[in-house]
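Now for the letters of each chain:
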Amino acid sequence: MFRILCFLLLSLYPFQSFATSEVATLTAKQAASELKLLQRALTELHPGLYRYISADQLDADFARAAVEVADGVDAVQMYRIASRLSAVVRCGHTWTNPLNQSEAMQARLAGLPILPVHVRLLGDRLLVTASSDPAVRANDEIIDIDGRNSAELVADLMPYLRADGSSDGKRRSQIDSTFDGGAMDRLLPLLHPPVDGHYQMRLRDRRGVARNVAVATTTITARESALLAAGVVPESDAWRFQIDGGVATLTLPTFSFWRDDFDWKGFLDRSFESLAARRIERLIIDLRQNEGGDDAIGGALLSHLIRGPHTFPASRAESAYERVPYRLARYLDTWDFDFFDRTGQVLQGAGRNWVLREQPMDRVVAPVAKLYRGRVAAMIGPRMSSAGYLIARDLKATGAATLVGQTTGGNLRGLNGGQLAWITLPYSGVAVDIPLLAWMPKSAQPDRGVDPDIAVVTTVQDVIAGKDVERERALTWLSHGK
């Protein structure tokens, strides 16, 4: 019914389609209109908007943005501004997701002049992990770019990066090059454009010798094609299971299989059957790259590891609305438009939010019949968020695995997500993801992710030497319990 009403509304009040209304440069009036629309969408749709910030803080950031666009703005710069405004919310699911941008905006982002390198951030040091330009080599350290040292570059990028609350490790992890390019590709050219198609880079090689290089920019498609031709293997999110020297490794880089026929349950069952058949008593689960997806997968994994049933207290589910206002609906997209009408499903709460009538029950995870009884080390890291964060939290709560590595993303104070829409701004084509449910713990929790049981710091020297020190530490614990 809600979709029919939206269609009737659009018929009565026609609006120029996004595809034909997008412009390369927005007038001051168009830009101001988009900022007002985005702020309205956040305040009327986002149920966790004030979990970490106040209304005054949000107003101040939008006021600052209004000054920036007072003379009009380039559409791709509107992407930068919207990225910062999204990050202000301090929510890992609120961001200018590259996958949900309009076709025109995706084309503009793909054409940005970027560095011809992949990078990894280690502390405040930037290490080149691959390069399509022979003037820059893998394992070169970037001392500075156009006179800005790596710490300054990180500080410039941080206000634009998404994470829940104070989980800054999650923000920093987005500077690393990943399968979707990473923040350096999307934001560096917008914050600090190259001069005459070049960046001036100061590099330090693995021997400690520094040199200056003028590096020509490229595009992400050209760089990735060149790296692939040179034999650089792209990051994979495929699940893997292997046994080597009496130690098994289960690598689970994602829990997201939307529109994918991958039989994850069968994979888990077969893996644990193999462990039993071969009497493997040491298992490493590599979750470091897992940014989430279906949290039922985490529960299934946990059921192979826990010694007895475990009850996880349910969070309280809240929404910012009973029905999405029609004036916003025409700019929104999602995978299930029933999300937009909660008539009869919610009650007005004590504050701004509505509370779902049917609240989730406490979740009970029971062990499978043939339980794995070996020693388990789970490698965790800051990229983990959403359902990736949840499995780390649950492994720690049950003691089913010893956590090795770095603090995760996500936040013990609660997450926003489960249902999501994205608003497409009509002139620039910039899209912003907005979660539609907030999950509120029933007791006070600290503002942080899940800490490891065994903390490990990876250095530039470790990476240059080809060491995976987190895996080495996990192996040590599995062998000696230290």
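Along each chain, residue indices are assigned from 1 in the same order as the chain's sequence is written. Residue-level local features of this predicted model are given only where pLDDT is at least 70; pairs of side-chain atoms are given and counted only at 80 or more, and the full residue set underlies all totals for whole chains, interfaces and linings. The basis for the side-chain values is all heavy atoms of the structure; hydrogens and waters are excluded.

*Asks:* Which residues make up the overall build of the chain, and what values do they have?
*Replies:* Numbering of helices and strands runs from the N terminus, with a helix taken as a DSSP run of H or I at least four residues long and a strand as a DSSP run of E at least two residues long. A count of helical and extended segments in the chain gives 16 helices and 23 strands. Throughout, radius of gyration means the C-alpha value; the globule benchmark is 2.2 Å times the number of residues raised to the power 0.38. Taken over the C-alpha trace, the chain has a radius of gyration of 24 Å; the compact-globule value for 482 residues is 23 Å, and the two agree within 12%. Projected onto the principal axes, the alpha-carbon positions of the chain cover approximately 70 × 65 × 40 Å. Here, residues are in contact when the closest pair of their heavy atoms is within 4.5 Å. If you take every contact in the chain between residues at least 6 apart in sequence, the share linking residues at least 24 apart comes to 75%. Each accessible area is a Shrake-Rupley estimate made with a 1.4 Å probe; only the visible protein chains count as cover when residues are assessed. Carbon and sulfur atoms make up 52% of the accessible area of the chain, which amounts to about 21,900 Å² in all. In this tally Asp and Glu are treated as negative and Lys and Arg as positive; neither His nor the chain ends contributes. Charge placement uses NZ in Lys and CZ in Arg. For Asp and Glu, CG and CD serve respectively. Taking the average location of the 55 positive side-chain charges in the chain and that of its 56 negative ones, the two points are 5 Å from each other.

*Asks:* Describe in detail the nonpolar core, supporting the description with residues and values.
*Replies:* Counting 46 residues, the largest nonpolar core has Leu35, Leu38, Leu45, Met78, Val324, Phe340 and Ile423 as its most contacted members. Looking at this core, the elements that each hand over two or more residues are α3 (28-45), α4 (55-68), α5 (75-88), α6 (103-110), α13 (326-329), β20 (420-424) and β21 (431-435). Examining the composition of this core, we find that 8 residues originate from one element, α5, more than from any other. With 40 residues, the next largest nonpolar core counts Leu268, Phe272, Leu390 and Ala400 among its residues. Grouping buried Ala, Val, Leu, Ile, Met, Phe, Trp, Tyr and Cys residues that are joined through side-chain atoms within 4.5 Å yields what is termed a nonpolar core. The buried label applies to any residue whose accessible area, calculated with a 1.4 Å probe on protein chains only, is under 20% of its type's maximum; exposed applies above 50%, and partly exposed to all values in between.

*Asks:* Before we move on, can you summarise the environment of Leu332 with the specific residues and values?
*Replies:* Within the secondary structure, Leu332 sits in strand β14 (residues 332-333). The sequence separation of Leu332 and Phe255 amounts to 77 residues, and the corresponding C-alpha distance is 26 Å. Other than its neighbours up to four places away in sequence, Leu332 contacts Leu45, Val324, Phe337, Phe340, Trp422 and Ile423.

*Asks:* Before we move on, could you go through the packing of aromatic side chains and cite the residues and values that matter?
*Replies:* The pairing test for Phe, Tyr and Trp rings, Trp by its six-membered ring, is centres within 6.5 Å, and the orientation test on the planes gives stacked under 30 degrees, edge-to-face over 60, and tilted for anything in between. A full pass over the atoms with the stated rule returns 9 aromatic pairs. With centroids separated by 5.5 Å and ring planes inclined at 75°, the aromatic side chains of Trp239 and Phe267 adopt a geometry described as edge-to-face. On the criterion of sequence distance, the pair formed by Trp239 in the loop between α10 (220-229) and β9 (240-244) and Phe267 in helix α11 (residues 264-277) is long-range, its members being 28 residues apart. On the basis of relative accessible area, Trp239 is assigned to the buried category, the value being 9%. Residue class for Phe267 comes out buried when judged on its relative accessible area of 15%. When the ring of Phe262 is compared with that of Phe267, the centres are 5.8 Å apart and the planes differ by 55°; the resulting orientation is tilted. Taken together, the ring pairs connect Trp239, Phe255, Phe257, Phe262 and Phe267 into an aromatic cluster. Put simply, a charge is over a ring when the Lys NZ or the Arg CZ is close to the ring centre, within 6 Å, and near the line of the ring normal, within 35 degrees. Here the basic side chain of Arg363 rests over the ring of Phe312, its NZ or CZ set 4.5 Å away from the ring centre. One residue, Arg375, lies across the ring of Trp477, its end atom 4.2 Å from the ring centre.

*Asks:* Break down the packing of α3 against α5 for me, with residues and values.
*Replies:* For any two helices packed against each other, one specifies the inter-axial angle together with the distance between the axes. Axis lines are fitted through C-alpha atoms, for helices just across the contact stretch, and the angle between N-to-C directions can take any value from 0 to 180 degrees. The contact between α3 and α5 brings their axes to 12 Å, and the two run at 25°. Between α3 and α5, the angle is such that the two are roughly parallel. Our pair here, α3 against α5, has a crossing hand that is right-handed. Here α3 contributes Ala31, Glu34, Leu35 and Leu38 to the contact with α5, which in turn contributes Met78, Ile81, Ala82 and Leu85. We call Asp, Glu, Lys and Arg charged. Ala, Val, Leu, Ile, Met, Phe, Trp, Tyr, Cys and Pro are nonpolar, and the rest, Gly among them, are polar. Residues belonging to the contact of α3 with α5 are distributed by class as follows: 7 nonpolar, no polar and 1 charged. Note on angle classes: values under 35 degrees are labelled roughly parallel, values over 145 roughly antiparallel, values of 65 to 115 roughly perpendicular, and the remainder oblique. Crossing handedness is defined as follows: a turn of the near helix away from the far one that is anticlockwise and smaller than a right angle gives a left-handed crossing, while the clockwise case is right-handed.

*Asks:* I'd like a description of the sheet that holds β20, backed by residues and values.
*Replies:* Read across the open sheet, the 3 strands follow the order β14-β20-β21; overall the sheet is antiparallel. The open sheet is flanked by β14 and β21, the only strands paired with a single partner. Any two strands with at least two DSSP-identified bridges between them are counted as paired. Pairing between β20 and β21: 5 bridges, direction antiparallel. Counterpart to Ala421 in the pairing with β21 is Ile434. Along the sheet face, α3 touches β14, β20 and β21 and points at about 10° away from the line of β21.

*Asks:* How would you explain the pairing of β21 if you had to name every residue and give the values?
*Replies:* For β21, the buried fraction is high: 5 of the 5 residues fall into the buried class. Here β21 shows a buried face lined by Ala431, Asp433 and Pro435 and a second buried face lined by Val432 and Ile434. Where β20 folds back onto β21 in an antiparallel hairpin, the turn is made up of 6 residues, including Gly429, whose phi is positive at roughly 80°.

*Asks:* An account of the pairing of strand β3 (residues 117-122) is requested, with residue identities and associated values reported.
*Replies:* The element β3 is extensively covered by neighbouring structure, given that 5 of its 6 residues are classed as buried. Sheet analysis places β3 next to strand β4 (residues 125-131), joined by 6 bridges and oriented antiparallel. When the bridges of β4 are listed, Arg120 appears paired with Leu127. Hairpin remark: β3 followed by β4, antiparallel, with 2 residues in the connecting loop; positive phi at Gly123, about 65°.

*Asks:* I'd like a description of the sheet that holds strand β22 (residues 438-440), backed by residues and values.
*Replies:* To summarise the sheet geometry, strands pair through backbone hydrogen bonds and adopt either a parallel or an antiparallel arrangement. Here 4 strands make up an open sheet; going across it, the order is β15-β16-β13-β22 and the pairing antiparallel. A single partner strand is all that each edge strand has here, and the edge strands are β15 (346-348) and β22. Averaged over neighbouring strand pairs, the angle between their axes works out to 40° when direction is ignored. In this sheet, strand β16 (residues 354-356) lies alongside strand β13 (residues 316-319) in antiparallel orientation, the contact comprising 2 bridges. Across the sheet, residue Ser319 finds its bridge partner in β16, namely Trp354.

*Asks:* Break down the environment of Val69 for me, citing the residues and quoting the values.
*Replies:* Relative to the helices and strands, Val69 is located in the loop between α4 and β2 (73-74). For Val69, a relative accessible area of 2% puts it in the buried group. The spatial distance from the C-alpha of Val69 to the C-alpha of Ala87 is 18 Å, given a sequence separation of 18 residues. Every residue in contact with Val69, bar those within four places of it in the chain, is listed here: Ala28, Ala31, Ala32, Leu35, Met78 and Ile81.

That's the geometry; what it means functionally is another story.
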